[in-house]
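# Architecture at a glance
What follows is the residue order along each chain.
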Amino acid sequence: MDPGFSVDEIAPIAILMDELRSEDVQLRLNAIHRISTIALALGPDRARDELLPFLQDSVDDEDEVLLALAEELGRNFEEYIGGRDYAHILLGPLENLSAVEETLVRDKAAESITKVAAVLSQAQIEQYYIPLVQRLSKGEWFTSRTSACALYAPVYDRVAPPVQDELRKGYGALGSDDTPMVRRAAGKWLGSLIKKYSKTHVLTDGLAVYRRLQSDDQDSVRLLTVEDLIAIAQQLTPPEVKEQLLKQIRQTMSDKSWRVRYMVATHFNELSEAVGNDLVREELTGHYVQLLKDNEAEVRTAAAGQIPGFSKLLEKEVILARIVPCVRDLCQDTSQHVRAALATQISGLAPLLGKDATIEHLLPLFLHLLKDEFPEVRLNIISKLEQVNSVIGIELLSESLLPAIMELAEDKSWRVRQAIIEYIPLLATQLGKAIFDEQLGNLCMAWLGDNVYSIREAATVNLKKLTEVFGVDWAKVQIVPKVVGMGQHPTYLYRMTTVQAITTIAPSLTLDIIQGEILDTLLQLAQDPIPNIRFNVAKSLEVLATTFGGQPDGRQLVRQKITPVLDQQKNDSDADVRYFASKALQKADAVEVGGAPPFLSHL
């Protein structure tokens, strides 16, 4: 033992090292998660001189331990070793971690290196970081060269021009590496590096690397160049894109690998915006139509997801002539996933086409998709009907789509029924009272008796929203009598729904309606033989007490009608009923003692 250190000073590092050498992986993992605490206990000097060298030699361990170490070193660890002036020392252990076999560890190490780079000065970057990048780029194993690709972009714009020249040259070498994994990493990180290049260097170095990778014999490399293409196009003017990239755009769009075409389809709108309107008209529209007709369902699904975004860049005539026929075909597509993606996006065409064209071309397609055998397709089309309403008006929509909506309201998939319920308040706003009562009123009440709880719950929330749309007087006539009537039903679930519906809609009603129409039924249900109903009545009475107890008439109601029933329930044979009754009584008493709640105190 060094006589210069006391036992207390040596203990933390000794414990850590013992735990790091332990055969138990969990102990080693816990030790790594505590290295910031250990570093703090050691102080900056000993953390630099003892802890970091020890960690640098700890690369031969389980992957999860190494992953934790890579993460911890990127969490502002420089604060524990003397600040940013010493941050470059962290690069040593991270360099070792960025060359290990496990991809997750390498990726996390590279991420932490870039975080460390953010606090380094230009001198530190050129003295320590750049040599690290060069060593990794020329490493014997592909693992280190793969990690190197992620490290160029974060510092490119922070170094002197001669160093930038070296970095571009080094990245060019990685882009033509013999190992596909390295070329794949070069493709992945090229876009972020190109964004830092001047236009001259984009046209020389950037394009050269991109072209090599874009014509790679491995599709896993080529598919990563789609985002590079977008990054380069964003740096160039439309004429330059046409001159420099047209050949590559054509090759990528018609690539023999479906994975590359899928990637293009996924990023089609970004690419279209980057290349400019002329190229969209001359080239991309034809390519997009081909992607919509692709042999692979995955490509058609991705392309369908871009329909409204791409169509915004086209004239109405082009949409009708080129895009709508494809949409018509996709409605009949054999893949349910393609139809589901289309159902999500098709309504976005309505504002672009206008009322007449939507009625003529899109309305029949909406109806077709609403009757699709696959629930997700029906669900997606319902959830986006609002856009269509705003274009063609509710009269037409109700004439053509209401029958289909009525049919879906009884759909065998409860998620579809739920989507319809959530759409009802919006529909009600647009239909008005008369049409709503005639067409949908009974349907809304029927949902209260659905055999799926989520539907019954959504139905009660729906009634509350409808009360807010049409007013209390409408609710008194259309909703309250039907809800109260269900309270006498022999089936327990219907009686339960009555209690839950009252609890939900009561705050939207007036005290007169509660007193005259609802309270007696609720108090009768307080004696129900089913404990679940009795304790839900207690919850409901709590809501009534807190909602109306602030008004003089409401306080009287609480005192005369609600409190006696809760007192009785407090002695119920069921523990849950006793609990909720006691809770409700406390709230009722608090409201009575406190008078009006704060939000009513000014009345």
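Scroll up to find the structure.
Residues numbered from 1 in each chain as written. Predicted model: local features only at pLDDT ≥ 70, side-chain atom pairs only at ≥ 80, totals over all residues. Heavy atoms only, no water.

With that out of the way, let us pick up the pattern of salt bridges. Per the counting criterion, the structure on display carries 26 salt bridges. Glu315 serves as the salt-bridge partner of Arg281, at 3.8 Å between the closest nitrogen and oxygen. Of this pair, Arg281 sits in helix 19 (residues 277–292) while Glu315 sits in the loop between helix 21 (307–311) and helix 22 (316–331), and the two are 34 residues apart along the sequence. Under the relative-accessibility criterion, Arg281 is labelled partly exposed at 45%. For Glu315, a relative accessible area of 36% translates into the label partly exposed. Residues Lys583 and Glu542 are paired through a salt bridge, measuring 3.7 Å at the closest nitrogen-oxygen approach. With a gap of 41 residues between them, Lys583 in helix 38 (residues 575–594) and Glu542 in helix 36 (residues 531–548) connect regions that are remote in the sequence. Given a relative accessible area of 12%, Glu542 falls into the buried group. Among the charged side chains, a salt-bridge network with shared partners connects Glu71, Glu72 and Arg75. (Salt bridge = Lys/Arg side-chain N within 4 Å of Asp/Glu carboxyl O. Helix = DSSP H or I, 4+ residues; strand = E, 2+ residues; numbered from the N terminus. Buried < 20%, exposed > 50% of the residue type's maximum accessible area, 1.4 Å probe, protein only.)

This part covers a negative patch on the surface. A surface patch of negative charge is lined by Glu62, Asp63, Glu64 and Glu101. If you trace the backbone, Asp63 turns up in helix 5 (residues 63–73). With a relative accessible area of 38%, Asp63 lands in the partly exposed category. (Patch = residues over 30% accessible without salt bridge, like charges linked within 9 Å, V, L, I, M, F, W, Y side chains within 5 Å. Areas by Shrake-Rupley, 256 points an atom, 1.4 Å probe, with all protein chains shown as cover. Lys, Arg positive; Asp, Glu negative; His and termini not counted. Charge placed at Lys NZ, Arg CZ, Asp CG, Glu CD.)

Structural measurements only, silent on function.
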